[in-house]
Amino acid sequence: MHNILFKYKKGRRINIFCPECRKEVKYQIENLVENKTVHGLKLEYTTERAYCNDCNEEIYISELHDHNIQKIDDTYREKAGIIKVPKLKEILKQYNTDKRQLSLILCNDEKTLTRYMDGDIPSKSNSKTLKKIKEDYKFIKQLAEKNRHKVTDDAINNLIKDIKSLQQKN
Ligand SMILES: [Zn+2]
């Protein structure tokens, strides 16, 4: 993502197609401060938008669009105290587990973490639980033991073994 953006920012000499001018044009990228209310929270964030040098109309660049969406999402999570995707990845690595297993330990839907990692915003209570899982070995062990019937014996035994070795390290 950052490489692509870097390419566009650096690439002011590269031409892109302007739908207004119906031709390849040079363009500028501008930073704009924008406001939006998401789930009742007022957010302020900076977006990056591309403008045609010839007609000044905004040109849609999907990479920039994705980057801006990500920025809004990050700002929302920051303000609402919702766990972010990199933290979810850290949890999986920390406990050497996968999205499906951790989802089943967390709730009944094995696709939950996949959705969260693809950008769905976790509920406040799931977010709180996930943050706790990250910090509190005793808590994840209890959760794993309570839900052991949902995953294979091997998976749960390995998870508990990993938790124990983390507990010993700390
Ligand atoms: Zn144009």
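Right above here is the structure, for reference.
Keep in mind that this is a model prediction, so the values were computed, not measured.

Colleague: Which parts of the structure should I look at to understand the packing of helix α7 (residues 137-146) against helix α8 (residues 153-169)?
Modeller: Each pair of packed helices gets described by two things: the angle between the helix axes and the distance between those axes. Relative to each other, α7 and α8 sit at 165°, their axes nearing to 10 Å. One way to sum up the angle between α7 and α8 is to call them roughly antiparallel. In the packing of α7 onto α8, the handedness of the crossing is left-handed. Between α7, through Tyr137, Ile140, Lys141 and Ala144, and α8, the contact on the second element is made entirely by Ile156, Leu159, Ile160, Ile163, Leu166 and Gln167. In the contact of α7 with α8, the residues fall into eight nonpolar, one polar and one charged.

Colleague: What exactly am I supposed to notice about the nonpolar core here?
Modeller: For soluble globular proteins, nonpolar side chains are generally found buried alongside one another. Residues Ile105, Ile140, Ala144, Leu159 and Ile163 are the most contacted members of the largest nonpolar core, which totals 18 residues. Within the residue set of this core, elements represented by two or more residues are α4 (99-106), α5 (112-117), α6 (124-135), α7 and α8. In terms of residues, this core owes the most to one element, α4, which gives four residues. Apart from the residues within four sequence positions on either side, isoleucine 163 is in contact with Tyr95, Tyr137, Ile140 and Lys141. Among the nonpolar cores identified, the runner-up in size contains six residues, and Cys18, Tyr27, Cys52 and Ile59 belong to it.

Colleague: How should I be thinking about the environment of asparagine 15 in this particular structure?
Modeller: By secondary structure assignment, the location of asparagine 15 is in the loop between α1 (2-10) and β1 (16-18). The class of asparagine 15 is partly exposed, set by 13 C-beta atoms lying within 10 Å. In the structure, asparagine 15 is positioned twelve residues away from tyrosine 27 in sequence and 7.3 Å away in space, judged by C-alpha atoms. Setting aside residues up to four positions removed in sequence, asparagine 15 forms contacts with Glu24, Val25 and Lys26.

Colleague: I would appreciate a short explanation of the environment of isoleucine 91 in the present structure.
Modeller: Tracing the sequence through the fold places isoleucine 91 in helix α3 (residues 85-94). Taking the C-alpha atoms as reference, isoleucine 91 lies 9.0 Å from lysine 131; in sequence the two are 40 residues apart.

Colleague: Whenever I open this one, the packing of α3 against α6 confuses me. Can you help?
Modeller: Two elements in contact, α3 and α6, have axes separated by 10 Å at closest approach and are oriented at 45°. On the basis of their axis angle, the class for α3 and α6 is oblique. Crossing of α3 against α6: the hand is left-handed. Each of Lys87, Leu88, Glu90 and Ile91 in α3 lies in contact with α6, whose residues at this interface are Leu130, Ile133 and Lys134. Its residues placed into classes, the contact of α3 with α6 shows four nonpolar, no polar and three charged.

Colleague: Would you take a moment to explain the sheet that holds strand β4 (residues 41-52) for this structure?
Modeller: Taken in spatial order, the three strands of this open sheet run β3-β4-β5, and their pairing is antiparallel. Of all strands in the sheet, those bounded by a partner on one side alone are β3 (27-38) and β5 (58-59). Taken together, the two bridges between β4 and β5 define a ladder with antiparallel strand orientation. Across the sheet, the residue bridging to alanine 50 is isoleucine 59, located in β5. Where helix α2 (residues 62-80) meets the sheet, it contacts β3 and β4, and its direction lies at approximately 165° from that of β4.

Scoring rules and cut-offs
Residues numbered from 1 in each chain as written. Predicted model: local features only at pLDDT ≥ 70, side-chain atom pairs only at ≥ 80, totals over all residues. Axes fitted to C-alpha atoms, helices over the stretch in contact; angles between N-to-C directions. Helix = DSSP H or I, 4+ residues; strand = E, 2+ residues; numbered from the N terminus. Parallel < 35°, antiparallel > 145°, perpendicular 65-115°, else oblique. Left-handed = near helix turned anticlockwise from the far one by under 90°. Contact = placed C-beta atoms within 7 Å. Nonpolar A, V, L, I, M, F, W, Y, C, P; charged D, E, K, R; others polar. Core = buried A, V, L, I, M, F, W, Y, C linked by C-beta atoms within 7 Å. Buried ≥ 20, exposed ≤ 12 C-beta atoms within 10 Å, placed from the backbone. Pairing = 2+ DSSP bridges.

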